[in-house]
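In case you want the letters, here they are:
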Amino acid sequence: MSEKIIIISGATACGKSQLALDFAGLKDAAIINADSLQIYEGLPTLSSQPSKLEQEKFPHYLYSYLKPNEKASVGIWLGLVKDIVEKVLAENKIPLIVGGTGMYIAKLIDGISKMPEVSDFNHQKAQDLYEEMGQQKFQEEF
């Protein structure tokens, strides 16, 4: 089997999830979430996440994966997807990336620049400055 990855992307409520389920029913595929809301638990209705019953039919990854208080970013998502795609390919299944978060899809295809980690201390310092200065002055300064 050649190593293929299929991407289904598009606007909200255009039928991506159903198309993915239909495809997985025809081919041996695993469905991998590419939606920035569906990665969080507790938002299935808000984000039209596939139902538990639908998710039981075929392997699904990165749905309700993070707690609401956990950080997510394109970089974090890409790291998770890389590991999952490798696992799915090792199982001789087709990775089927499904979602409407355009930045996730674009960076999956084009790559992302390496960003340095920001310490919790520096993050809090910036947050404190923002709150002290207000949005407009903060943006003018930085």
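Predicted model only: the values in this text are computed from it and were never measured.

**Q** Even after reading the chapter, I still don't get the sheet that holds strand 1 (residues 6-9), so can you show me in this structure?
**A** Hydrogen bonding along the main chain pairs the strands of a sheet, whether they run parallel or antiparallel. Across the sheet, which stays open at both edges, the 4 strands sit in the order 1-4-2-3 with parallel pairing between neighbours. Each of the sheet's edge strands pairs with one partner strand only, and the pair in question is strand 1 and strand 3 (60-61). Relative to strand 4 (residues 94-99), strand 2 (residues 29-33) runs parallel, the two sharing 5 bridges. Within strand 4, the residue paired with isoleucine 31 across the bridge is leucine 96. Those strands touched by helix 1 (residues 16-26) are strand 1, strand 2, strand 3 and strand 4, and its axis lies near 165° from that of strand 4.

**Q** Which parts of the structure should I look at to understand unusual backbone geometry?
**A** Glycine aside, the phi torsion of most residues is negative, and most peptide linkages are trans. In this structure, alanine 13 takes a positive phi of about 65° despite not being glycine. Mapped onto the secondary structure, alanine 13 falls in the loop between strand 1 and helix 1. The phi torsion at asparagine 92 lies on the positive side, around 60°, for a residue other than glycine. By secondary structure assignment, the location of asparagine 92 is in the loop between helix 3 (74-90) and strand 4.

**Q** Explain the packing of aromatic side chains to me, please; I cannot follow it from the model alone.
**A** Geometry of an aromatic ring pair is reported as the spacing of the ring centres plus the angle between the planes. Under the criterion given, the structure shown has 3 aromatic pairs. Both rings, one in tyrosine 130 and one in phenylalanine 138, keep their centres 5.3 Å apart while their planes meet at 80°; by these two values the pair is edge-to-face. Here tyrosine 130 falls in the partly exposed class, since its relative accessible area comes to 33%. Given the relative accessible area of 18%, phenylalanine 138 is considered buried. Ring centres of phenylalanine 138 and phenylalanine 142 lie 5.0 Å apart, and the angle between their planes is 45°; on these two criteria the pair is classed as tilted. Taking the relative accessible area as the measure of exposure, phenylalanine 142 reaches 63% and is therefore exposed.

**Q** Please explain the pairing of strand 2 as it appears in this structure.
**A** Taken residue by residue, a regular strand's side chains alternate between the two faces of the sheet. For strand 2, the tally of buried residues reaches 5 of 5 residues, placing the bulk of the element in the interior. Across the two faces of strand 2 the burial is the same, with Ala29, Ile31 and Asn33 and Ala30 and Ile32 all buried. In this structure, strand 2 lies alongside strand 3, joined through 2 bridges in parallel fashion. Within the sheet, the bridge partner assigned to isoleucine 32 lies in strand 3 and is tyrosine 61.

**Q** When you look at the pattern of salt bridges in this model, what are you seeing that I'm missing?
**A** Side chains carrying opposite charge are able to pair once their charged atoms draw close together. Within the structure shown, the criterion is met by 5 salt bridges. Of the charged contacts, one joins aspartate 28 and lysine 93 as a salt bridge, the two residues approaching to 3.0 Å between their closest N and O atoms. Pair noted here: aspartate 28 is in the loop between helix 1 and strand 2 and lysine 93 is in the loop between helix 3 and strand 4, with a separation of 65 residues, a long-range link. We note a salt bridge from glutamate 91 to lysine 87, for which the minimum N-O separation is 2.9 Å. Glutamate 91 gets classed as partly exposed once you look at its relative accessible area, which sits at 35%. According to the relative accessible area criterion, lysine 87 is partly exposed, its value standing at 39%.

**Q** How do you make sense of helix 1 when you look at a structure like this?
**A** For an α-helix, 3.6 residues make a turn, and residues three or four places apart therefore share a direction. When we look at burial in helix 1, the residues that qualify are Lys16, Ala20, Leu21 and Ala24. All buried residues of helix 1 project into a common sector of 135° when viewed along the axis, lining one side. Buried residues in helix 1 make contact with strand 1, strand 2, helix 2 (52-57), strand 3 and strand 4.

Parameters and conventions
Residues numbered from 1 in each chain as written. Predicted model: local features only at pLDDT ≥ 70, side-chain atom pairs only at ≥ 80, totals over all residues. Heavy atoms only, no water. Pairing = 2+ DSSP bridges. Helix = DSSP H or I, 4+ residues; strand = E, 2+ residues; numbered from the N terminus. Contact = heavy atoms within 4.5 Å. Axes fitted to C-alpha atoms, helices over the stretch in contact; angles between N-to-C directions. Phe/Tyr/Trp six-rings, centres within 6.5 Å; stacked < 30°, edge-to-face > 60°. Buried < 20%, exposed > 50% of the residue type's maximum accessible area, 1.4 Å probe, protein only. Salt bridge = Lys/Arg side-chain N within 4 Å of Asp/Glu carboxyl O. Arc of directions from axis to C-beta.

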